[in-house]
Amino acid sequence: MTTSTPSLAAPEPGRVHRRLETPLGSYLLAVERDALVGLWRQDQKKFPAPDRQGTEAPAPHPLLDRAARQLQEYLAGERTEFDLPLAPAGTAFQRAVWTHLATIPRGATTTYGQIARALERPRAAQAVGAAVGSNPLSIIVPCHRVVAGDGALTGYAGGLETKRALLALEGALPSGTGTA
């Protein structure tokens, strides 16, 4: 039996990143060209491998500075919307789901099934769940606003405590969560 060592891939060309400490933990923001392509909570599911993060951004970096400022303002309750150029990479179906997520108003929640029906794919709730879980722009594309059909908090890549904190910040804790 032979063993192989993993190849060390070169960083994603043209992509730069910055780490940011927030009240909800450490996040990684990534920019490619002139758009934000990622916002991941450290150690979340689907956190990008080092070669997918790009290189560390020089300071200052106008777009990363703007994204970091808007995220901090949002988490402090001083901002209700984001105004950033976004370019998440995904399949056509994933992008359709993420576009729908962006229409969920602050303070509201929806379900995987409701999104599937809105996309005229009523039997695709599981596929919607997979697309929601693959969202590379957490918080900015508000996947935390999606709950189970019974209103329970389920499956958030950044952890249920983070999801609960975001919904509490927005005044949208659904019934049945055990939290007032």
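Residues numbered from 1 in each chain as written. Predicted model: local features only at pLDDT ≥ 70, side-chain atom pairs only at ≥ 80, totals over all residues. Heavy atoms only, no water.

(A) Expanded view of the confidence of the model for the protein. Overall, the predicted model of the protein reaches an average pLDDT of 90, with 89% of residues at or above 70. Of all helices and strands in the protein, the one with the weakest mean pLDDT is helix α1 (residues 50-53) (89), whereas helix α2 (residues 62-75) scores best (98). Confidence drops under a pLDDT of 50 for residues 1-8, and excluding neighbours within four residues, the segment shows zero contacts in the predicted structure. Note on residues 175-180: pLDDT under 50 across the span, and eight contacts to partners over four residues away in sequence or across chains. (pLDDT = per-residue confidence, 0-100. Helix = DSSP H or I, 4+ residues; strand = E, 2+ residues; numbered from the N terminus. Contact = heavy atoms within 4.5 Å.)

(B) Quick look at helix α6 (residues 160-170). Residues of α6 that are buried: T162, K163, L166, L167 and E170. End-on view of α6: buried residues confined to an arc of 130°, all on one side of the axis. Its buried side turned inward, α6 meets β2 (25-32), β3 (35-41), α2, α4 (112-118) and β6 (146-147). One or two positions beyond α6, positive phi appears at G171, with a value near 70°. (Buried < 20%, exposed > 50% of the residue type's maximum accessible area, 1.4 Å probe, protein only. Arc of directions from axis to C-beta.)

(C) Up close: the layout of surface pockets. By volume, the largest pocket amounts to about 330 Å³. If you go around the largest pocket, you meet 19 residues; those closest to its centre are F82, A102, I140, V141 and P142. With three residues, the single largest contributor to the lining of the largest pocket is helix α3 (residues 92-101). Counted as a void, the second largest pocket has a volume near 280 Å³. Lining the second largest pocket we find 15 residues, and of these R15, W40, R52, A89 and P136 sit closest to its centre. Across the lining of the second largest pocket, the residue classes break down as six nonpolar, four polar and five charged. (1 Å grid on protein atoms, 1.4 Å probe; cavity = no way out; pocket = protein on both sides within 12 Å on 5 of 7 lines; lining within 4 Å. Points joined across faces, edges and corners; volume = space filled by probe spheres on them. Nonpolar A, V, L, I, M, F, W, Y, C, P; charged D, E, K, R; others polar.)

(D) Representation of the pattern of salt bridges within the structure. Taken as a whole, this structure holds seven salt bridges when the rule is applied. R18 is the salt-bridge partner of D65, the closest N and O atoms lying 2.6 Å from each other. In this pair, D65 sits in helix α2 while R18 sits in strand β1 (residues 15-22), placing the two residues 47 residues apart along the sequence. Salt bridges here are not isolated pairs; linked through shared partners, they connect R15, E32 and R33. (Salt bridge = Lys/Arg side-chain N within 4 Å of Asp/Glu carboxyl O.)

(E) Molecular detail of empty space enclosed by the protein. What the rule picks out here adds up to one cavity of 30 Å³ or more. Space inside the largest cavity adds up to approximately 100 Å³. Residues of the lining of the largest cavity, tallied by class, amount to five nonpolar, seven polar and two charged.

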